[in-house]
Amino acid sequence: MKRLLLAVLLALSAPAAIPALAVQPDEVLPDPALESRARAISQELRCLVCQNQSIDDSNAPLARDLRLLVRDRLKAGDSDDKVMEFVTDRYGDYVLLRPPFKATTLVLWIGPFAVLLLGAAGTFLFLRGRRGVAAGADTAPLSADERRRLDALLRKDD
């Protein structure tokens, strides 16, 4: 039982403990300072194939191309900001894992809250409507003839 628990704990902690294996050995820059900058930039860029992974974590061919592009720009002498600007000019703000708050990205920032509010409003209206039906708020009282027929039916079952 202890071995099973240990195996589960190791499996759960492994992704955090093991560095990303997506960066291939042939991509690594010989200069550790440049490589560190490349990794930091790569962790800020979204893989356009995987969408919820950074290009540093993704094995997709496009992510590899973007990692190589970042490294090429750094080797050419670009600053980190210039590299980010180059990539966003080419692919748009969507390539950023944390897009800036501006008019073109407004939907990315406000969209989830709008969907949440619409869902809450829809749920509220649905439940309010169900409560009225359950309470019989929209039903008319029985007429004298309907009451007499209902009483007859109920007595018949006894």
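Please refer to the structure placed before this passage.
Residues numbered from 1 in each chain as written. Predicted model: local features only at pLDDT ≥ 70, side-chain atom pairs only at ≥ 80, totals over all residues. Heavy atoms only, no water.

Draft legend 1. Region of interest: the overall build of the protein. From N to C terminus, the protein includes six helices and zero strands. Each helix and strand of the protein, ordered N terminal to C terminal, gives the series α-α-α-α-α-α. Evaluated residue by residue, the protein yields a buried proportion of 22% over its 158 residues. As displayed, the protein offers around 11,800 Å² of accessible surface, 63% of which is attributable to carbon and sulfur atoms. (Helix = DSSP H or I, 4+ residues; strand = E, 2+ residues; numbered from the N terminus. Buried < 20%, exposed > 50% of the residue type's maximum accessible area, 1.4 Å probe, protein only. Areas by Shrake-Rupley, 256 points an atom, 1.4 Å probe, with all protein chains shown as cover.)

Draft legend 2. Layout of the nonpolar core. Membership of the largest hydrophobic core comes to 18 residues, with the highest contact counts inside it found for Ile41, Leu45, Ile55, Val70 and Leu74. Those elements that place two or more of their residues in this core are helix H2 (32-42), helix H3 (61-75) and helix H4 (80-91). Considering every element that reaches this core, the biggest residue donor is H3, with five residues. (Core = buried A, V, L, I, M, F, W, Y, C linked by side-chain atoms within 4.5 Å.)

Draft legend 3. Broad picture of the packing of H3 against H4. Here H3 crosses H4 at 135°, and the two axes come no closer than 9 Å. If you check the angle between H3 and H4, you find them oblique. Here H3 runs over H4; the crossing is right-handed. Contacts between H3 and H4 pair Leu66, Leu69, Val70, Arg73 and Leu74 from the former with Asp80, Val83, Phe86, Val87, Arg90 and Tyr91 from the latter. Per-class residue counts for the contact of H3 with H4 are eight nonpolar, no polar and three charged. (Axes fitted to C-alpha atoms, helices over the stretch in contact; angles between N-to-C directions. Parallel < 35°, antiparallel > 145°, perpendicular 65-115°, else oblique. Left-handed = near helix turned anticlockwise from the far one by under 90°. Contact = heavy atoms within 4.5 Å. Nonpolar A, V, L, I, M, F, W, Y, C, P; charged D, E, K, R; others polar.)

Draft legend 4. Here's a closer look at the packing of aromatic side chains. Scanning the entire structure with this criterion turns up one aromatic pair. Look at phenylalanine 101 and tryptophan 109: their rings are 6.2 Å apart centre to centre, the planes differ by 70°, and that puts the pair in the edge-to-face class. Taking NZ or CZ as reference, arginine 73 lies 4.2 Å from the ring centre of phenylalanine 86, over its face. (Phe/Tyr/Trp six-rings, centres within 6.5 Å; stacked < 30°, edge-to-face > 60°. Lys NZ or Arg CZ within 6 Å of the ring centre and 35° of its normal.)

Draft legend 5. Expanded view of the side chain of aspartate 93. Mapping aspartate 93 onto the fold places it in the loop between H4 and helix H5 (106-135). By relative accessible area, aspartate 93 is classed as buried at 17%. For aspartate 93, the residues in contact, after removing those within four places along its chain, are Thr88, Pro99, Pro100, Lys102, Thr104 and Thr105.

Draft legend 6. Spatial organisation of the pattern of salt bridges. Going through the model one piece at a time under the given rule, you end up with nine salt bridges. A salt bridge links arginine 39 to aspartate 56; the nearest nitrogen and oxygen atoms lie 2.7 Å apart. Here arginine 39 is found in helix H2, whereas its partner aspartate 56 is found in the loop between H2 and H3, with 17 residues between them in sequence. Its relative accessible area of 22% is what places arginine 39 among the partly exposed residues. Taking relative accessible area as the criterion, aspartate 56 reaches 0% and is therefore assigned buried. The partner of aspartate 78 in a salt bridge is arginine 73, and the shortest N-O contact between them spans 2.8 Å. Judged by its relative accessible area of 26%, arginine 73 falls in the partly exposed class. One network of salt bridges, with partners in common, ties together Asp145, Arg148 and Arg149. (Salt bridge = Lys/Arg side-chain N within 4 Å of Asp/Glu carboxyl O.)

What is shown is where atoms sit, not what they do.
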